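Residues per chain are reported as follows:
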Amino acid sequence: MTFTITASGAALEAIERIVPQLVVDGVAGRLVSGDATLWGEAAEPEASIRLGWVEAAASTRGLVDDIEALRKQLRQHGVDRIALAGMGGSSLAPEVITRTAGVNLTVLDSTEPGQVRRALRDGLQRTALVVSSKSGSTLETDSQRRAFEAAYRDAGIDPTERIIVVTDPGSPLDQDARRAGYRVFNADPNVGGRYSALTAFGIVPSGLAGVDVRELLDEAVAALPEISEDADDNPGLMLAAAIAGTRPLRDKLGIVADGTHIVGLGDWAEQLIAESTGKDGVGILPVVLEKSAPELSADLPDLQVVRLVGSAREASHVEHGEVEVAGTLGAQLLVWEFATAVAGRLLGINPFDQPDVESAKVAARGLLDALEPQRPADVVDAGIEVRGTAGVVRDSLEASVDALLAQLGEGGYVAVHAYLDRIGQPRFERLRAALAARTGRPVTFGWGPRFLHSTGQYHKGGTPNGVFLQLLGQPHEDLEIPGRPFTFGQLLQAQASGDASVLAEHGRPVLSLTLSDLDEGLDRLLALAGR
C-alpha cells in the first residue's frame, strides 16, 4: 500500500464505530465518482464544481512534458532559480514538494517589504518567476508580480521571457497574461485552491524548480484505488474517522513529523483542514507541533495527535490515543484531501467553501482605499506599541499579555500571528512552544499574511474559543508597489489591522504588538511567556 494508518484509543474507537457506516453509505465510491450530494443540499452547488481533485494526478500528467521542456529551455538561457508568487494553496503544496525533494524554490507568500526585497535581490539575472493564482485577483500575488515585472525591466530583462503564469482558464489573469505574451499553464477550474496540490498549481513550480513531478503524480495515481473502495480498511475513511469522529470530538489536531522523509506536510495540511472544516461554529483546528512540543505531554482531552512516520508500526506500538500515518508524498497529498472531504460530511459542513475568508480582505481593502494612518497605540511600553480589543489592553505589555491569556477558557487555544519576514526572522516561531508551556493549551503559529489564506477561515468561522496575539515590526525601508497608490508596508499593515477588526467583530480577543526592535521585543516576549 502507498499509505498506511494505525490508531489506538479514542481514534481507534472512532474508526471502528464510523467506518462501517461510511462503507454502508458507499461514501468512498460516491466521492470518487463525483457525487456532490454527500454534504447535503446546501453544499451541493459548490461541491458539484469542486471535485476535480480526485482525478487531478492523472489529468495533470499531460502537463509534465511541457514543464520539463520549459525547464530545459530556461536552463539553456542561464535561468536556474525559480521563485513563486502565490498564497495559500498556490504556495504551500509546492513548498512541501520541493523541500521534500531537496530542491530550491524561493516561495514569496508575503507582503512584508524585507521578504519581498530579498526575493527580488537574490539572483534576479538567473531567476524565473511563477505567478500562481486561481482568479488572478489575489492582491498579494498581483503586487508581487508587479514588483518583479518592474525589477526585470530595470535590469534590462524582458518579463515575458521570465514570468510563467498558472491560473484557471478564462480568469482575468489568464486573459491579461496571454495578451501580454506570458507563458500560461491552466489548471482544472473544478478544484479549490487548498485541494490543488496535484494540479498545475503544485506541479508547475515544483517541476520547473527540478522535482521529478512525474514520480509524484504516479504515487498519487497508485493511491487512488486504495481510497476508492468502500471497505473497512480504506485508509482515507479511517483517517477521516480518526480526525473528525472521536466522541467527544477532539477538535484540535496535533500534527507531528516523527521520522517521515516528507518536509513540511503539517503546514500544508493545516490549511487544507482548517479552511475546509472551520465554519458554522465548528471545525478541526490543526496544530503543527515539534516532537518536543509541550502539548504532547500535557494530556489534553481535546487534542488528537497524528504522527507522520517513516513506516507503519503495529497498533500495540502506537502511543495510546494517537494515530500514525506513513506513505509516499503523492499518496499523502491525495489521502489527506480525501479524508478532509469526508471529515466535512462527518461534521455536517461544506468542506469546499470559505465563507469567512473574504471579510478580512474586504476590511484590508477598505483601509487601503482610505490610506489613513494606523490608530494611535493604547499603550507604549519600552518601544513596544500595544493595541487591542476591550478588556485586553492594560497599562503595560506584561499586564496586557496576562489579560489576553486570562481570556483563554477551557477548550481554547492561542493563535500567534507574526506579520514579519519569515525568512529573516524564524526565531519568532519559538514563541509557539513557550506560550504552550505557559498556558498548558494548544498554540498555533502563523506567518502573516499567508495564514489569512489558511487558518484565517477557522479563526472567524470555527469554534469561537481562540485568543489572538498579533506581532508586527516597523520596516526600516518600505517598498513601492508599481502602479499602486500604496506600498508593501502599507498593504501589510492594512492586512493586519483588517484581520484584527474582523476578529474583534466576531468577539475574539486580540492583542496587537508593534515592535520597534524585533530582537529585543522577541526576547521580552519569550521572557513573559516563560513566567
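Treat the numbers as computed from the prediction; the structure is a model and nothing was measured.

Draft legend 1. Focus on the packing of helix α1 (residues 9–24) against helix α12 (residues 235–244). As a packed pair, α1 and α12 sit with axes 8 Å apart at the nearest point and diverge in direction by 125°. On the basis of the axis angle, α1 is oblique to α12. Like other packed secondary-structure pairs, α1 and α12 cross with a definite hand, here right-handed. Side by side, α1 and α12 meet where Ala11, Ala14, Ile15, Ile18, Val19, Leu22 and Val23 of the first sit next to Leu237, Met238, Ala241 and Ala242 of the second. When the residues that make up the contact of α1 with α12 are grouped by side-chain class, the tally is eleven nonpolar, no polar and no charged.

Draft legend 2. Fine view of the nonpolar core. Core analysis: the biggest nonpolar cluster contains 96 residues, and Trp53, Trp268 and Trp336 have the highest contact counts within it. Per element, the largest residue contribution to this core is twelve residues, and it comes from helix α14 (residues 329–347). In this structure Trp336 touches Phe3, Leu239, Leu253, Leu265, Trp268, Leu272, Ile273, Val306, Leu308 and Val325, once residues within four positions along its chain are discounted. Grouped together as the second largest cluster of nonpolar side chains are 32 residues, Val401, Leu408, Phe428 and Ala434 included.

Draft legend 3. Region of the structure containing the pairing of strand β5 (residues 163–167). With respect to burial, β5 is a largely interior element, five of its five residues being buried. The alternating pattern of β5 places Ile163, Val165 and Thr167 and Ile164 and Val166 on opposite faces, both of which are buried. Pairing analysis gives four bridges linking strand β4 (residues 127–132) to β5, with the strands arranged parallel. Counted as the bridge partner of Ser132 is Val166 from β5. Traced from β4 through helix α8 (residues 139–154) to β5, the parallel crossover comes out right-handed. As defined by bridge partners, β5 adjoins strand β6 (residues 183–186) across four bridges and the pair is classed as parallel. Its bridge partner being in β6, Val166 is matched across the sheet by Phe185. Considered for its hand, the β-α-β crossover made up of β5, helix α9 (residues 172–180) and β6 is right-handed.

Draft legend 4. Region of interest: the side chain of Glu322. In this fold, Glu322 is placed in the loop between β9 (303–308) and β10 (323–327). The exposure class of Glu322 is buried, given its relative accessible area of 7%. At 2.6 Å, the side chain of Glu322 forms a polar contact with the side chain of Arg307. In this structure, Glu322 is in contact with Thr6, Ala7, Ser8, Gln304, Val305 and Arg307, ignoring residues within four places of it in sequence.

Draft legend 5. Structural detail: the environment of Tyr152. Note on placement: Tyr152 falls in helix α8. The exposure class assigned to Tyr152 is buried, which follows from its relative accessible area of 0%.

Draft legend 6. Region of the structure containing the pattern of salt bridges. Within this structure, the stated rule accounts for 39 salt bridges. A salt bridge links Asp109 to Arg422; the shortest N-O distance between them is 3.2 Å. Here Arg422 lies in the loop between β13 (413–419) and α17 (430–439) and Asp109 lies in the loop between β3 (106–108) and α7 (113–121), a separation of 313 residues in the sequence. The exposure classification of Asp109 matches that of Arg422, with both residues buried. With a shortest N-O distance of 3.0 Å, Lys252 and Asp302 are connected by a salt bridge.

Draft legend 7. Focus on the environment of Ile97. Within the element layout of this structure, Ile97 appears in helix α6 (residues 89–101). On the basis of relative accessible area, Ile97 is assigned to the buried category, the value being 2%. Taking the C-alpha atoms as reference, Ile97 lies 6.6 Å from Ser206; in sequence the two are 109 residues apart.

What counts, and where the lines are drawn
- Residues numbered from 1 in each chain as written.
- Predicted model: local features only at pLDDT ≥ 70, side-chain atom pairs only at ≥ 80, totals over all residues.
- Heavy atoms only, no water.
- Axes fitted to C-alpha atoms, helices over the stretch in contact; angles between N-to-C directions.
- Helix = DSSP H or I, 4+ residues; strand = E, 2+ residues; numbered from the N terminus.
- Parallel < 35°, antiparallel > 145°, perpendicular 65-115°, else oblique.
- Left-handed = near helix turned anticlockwise from the far one by under 90°.
- Contact = heavy atoms within 4.5 Å.
- Nonpolar A, V, L, I, M, F, W, Y, C, P; charged D, E, K, R; others polar.
- Core = buried A, V, L, I, M, F, W, Y, C linked by side-chain atoms within 4.5 Å.
- Buried < 20%, exposed > 50% of the residue type's maximum accessible area, 1.4 Å probe, protein only.
- Pairing = 2+ DSSP bridges.
- Right-handed = clockwise from strand over helix to strand, strands pointing away.
- Polar contact = N/O pair within 3.5 Å; in protein donor to acceptor, adjacent residues only side chain to side chain.
- Salt bridge = Lys/Arg side-chain N within 4 Å of Asp/Glu carboxyl O.

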